Amino acid sequence: MPLVVPGINNTSGGSDMDAWAQKLMGKTVTEQGSGDVNSFAKKDLPERHRIVKPGDAMTMDHQPDRLNIHVDESGTVHNVNFG
């Protein structure tokens, strides 16, 4: 039997995550945005977000409305998820 946790196995949250993944994957997140197709401005992110760099410590609290943006050493987004 699959694990069912309210707010985690929600299909509407999945479509939001897919939309954010399409917007951010392969881009860098910048303060103001540079207007080019390879960057995304922080001001356009949801209010509740965090950018996670390699080696960063993260709290383990689950906040379903918080967008986690995982970047690599060069600052390029390689994964996004909610929690």
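So, how was this worked out
- Residues numbered from 1 in each chain as written.
- Predicted model: local features only at pLDDT ≥ 70, side-chain atom pairs only at ≥ 80, totals over all residues.
- Heavy atoms only, no water.
- Salt bridge = Lys/Arg side-chain N within 4 Å of Asp/Glu carboxyl O.
- Helix = DSSP H or I, 4+ residues; strand = E, 2+ residues; numbered from the N terminus.
- Buried < 20%, exposed > 50% of the residue type's maximum accessible area, 1.4 Å probe, protein only.
- Phe/Tyr/Trp six-rings, centres within 6.5 Å; stacked < 30°, edge-to-face > 60°.
- Lys NZ or Arg CZ within 6 Å of the ring centre and 35° of its normal.
- Core = buried A, V, L, I, M, F, W, Y, C linked by side-chain atoms within 4.5 Å.
- Contact = heavy atoms within 4.5 Å.

1. Observations concerning the pattern of salt bridges
Inspection of the entire model under this criterion finds four salt bridges. Of the charged contacts, one joins Lys42 and Glu31 as a salt bridge, the two residues approaching to 2.9 Å between their closest N and O atoms. With Lys42 in the loop between strand E2 (39-41) and strand E3 (49-52) and Glu31 in the loop between strand E1 (28-30) and E2, the pair connects residues that are 11 residues apart, well separated along the chain. For Glu31, a relative accessible area of 53% translates into the label exposed. In this structure, Asp61 engages Arg66 in a salt bridge whose closest nitrogen and oxygen atoms are separated by 3.6 Å. With a relative accessible area of 8%, Arg66 lands in the buried category.

2. Looking at the packing of aromatic side chains
One pass over the full model with this rule turns up one aromatic pair. Positioned over the ring face of Trp20 is Lys23, at 4.4 Å from the centre of the ring.

3. Observations concerning the nonpolar core
Nonpolar side chains tend toward joint burial in soluble globular proteins. Within the largest apolar cluster, 10 residues are counted, these being Trp20, Leu24, Val29, Phe40, Leu45, Leu67, Ile69, Val71, Val77 and Val80. Every element with two or more residues in this core is listed here: helix H1 (11-24), strand E4 (67-71) and strand E5 (77-82). Sorting elements by how many residues they give to this core places E4 first, with three residues. Residues contacting Ile69, with those up to four places away along its chain left out, are Leu24, Val29, Leu45, His49, Arg50, Ile51, Val52, Val77, Asn79 and Val80.

Keep in mind these values describe shape, not function.
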